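A structural walkthrough
Below are the chains, spelled out letter by letter.
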Amino acid sequence: MFGDLSNMMGKLKEAQEKVEETKKRLHTVLVDESVANGQLKVTVTANREIKSIDIDNSLLADKEELEDYLILALNKALERANTINEQELAIAAKQGMPNIPGMDMFK
């Protein structure tokens, strides 16, 4: 019984390590999004950290329009980053989880 418990604890630790490794790797996965025919571009990591914003000078004349484009581009990029993040972390967690009957959390 204790051998099984020890094995499960080892598997859980392994799952946690895989998740942590995946989180680190997701800092290097970049998601690009552009709006206004490419006049505004944003880049975020899959960990939802903004890395860059590039704004064409033509958008600087209208503050309200620029704000709208920024919100649109950032929301789109963050949504895609969130999807990647959730999928990758779920895969990492599932790979390291012990096989406990009735506990299949990642179907």
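Structure: above.
This report concerns the structure included in the present document.

The rules behind these values
- Residues numbered from 1 in each chain as written.
- Predicted model: local features only at pLDDT ≥ 70, side-chain atom pairs only at ≥ 80, totals over all residues.
- Heavy atoms only, no water.
- Patch = residues over 30% accessible without salt bridge, like charges linked within 9 Å, V, L, I, M, F, W, Y side chains within 5 Å.
- Areas by Shrake-Rupley, 256 points an atom, 1.4 Å probe, with all protein chains shown as cover.
- Salt bridge = Lys/Arg side-chain N within 4 Å of Asp/Glu carboxyl O.
- Lys, Arg positive; Asp, Glu negative; His and termini not counted.
- Charge placed at Lys NZ, Arg CZ, Asp CG, Glu CD.
- Helix = DSSP H or I, 4+ residues; strand = E, 2+ residues; numbered from the N terminus.
- Buried < 20%, exposed > 50% of the residue type's maximum accessible area, 1.4 Å probe, protein only.
- Pairing = 2+ DSSP bridges.
- Axes fitted to C-alpha atoms, helices over the stretch in contact; angles between N-to-C directions.

Another aspect to go through is a negative patch on the surface. A contiguous patch of negative charge, built from Asp 62, Glu 64, Glu 65 and Asp 68, is present on the exposed surface. In this fold, Asp 62 is placed in the loop between strand S3 (50-55) and helix H2 (63-96). Given a relative accessible area of 37%, Asp 62 falls into the partly exposed group.

Moving on to the sheet that holds strand S1 (residues 30-35). An order of S1-S2-S3 is seen for the 3 strands of this open sheet, with the pairing classed as antiparallel. Each edge of the open sheet carries a strand with a single partner, namely S1 and S3. On average, each strand axis in the sheet is tilted by 10 degrees relative to the strand beside it, whichever way the strands run. Direction of pairing for S1 relative to strand S2 (residues 40-45): antiparallel, over a ladder of 6 bridges. Its bridge partner being in S2, Glu 33 is matched across the sheet by Val 42.

Turning to unusual backbone geometry, a few remarks are in order. The residue Ala 36 is not glycine, and still its phi comes out positive at about 55 degrees. Here Ala 36 is to be found in the loop between S1 and S2. Taking relative accessible area as the criterion, Ala 36 reaches 14% and is therefore assigned buried. With phi around 55 degrees, Asn 37 is a residue other than glycine that occupies positive phi space. The topology assignment puts Asn 37 in the loop between S1 and S2.

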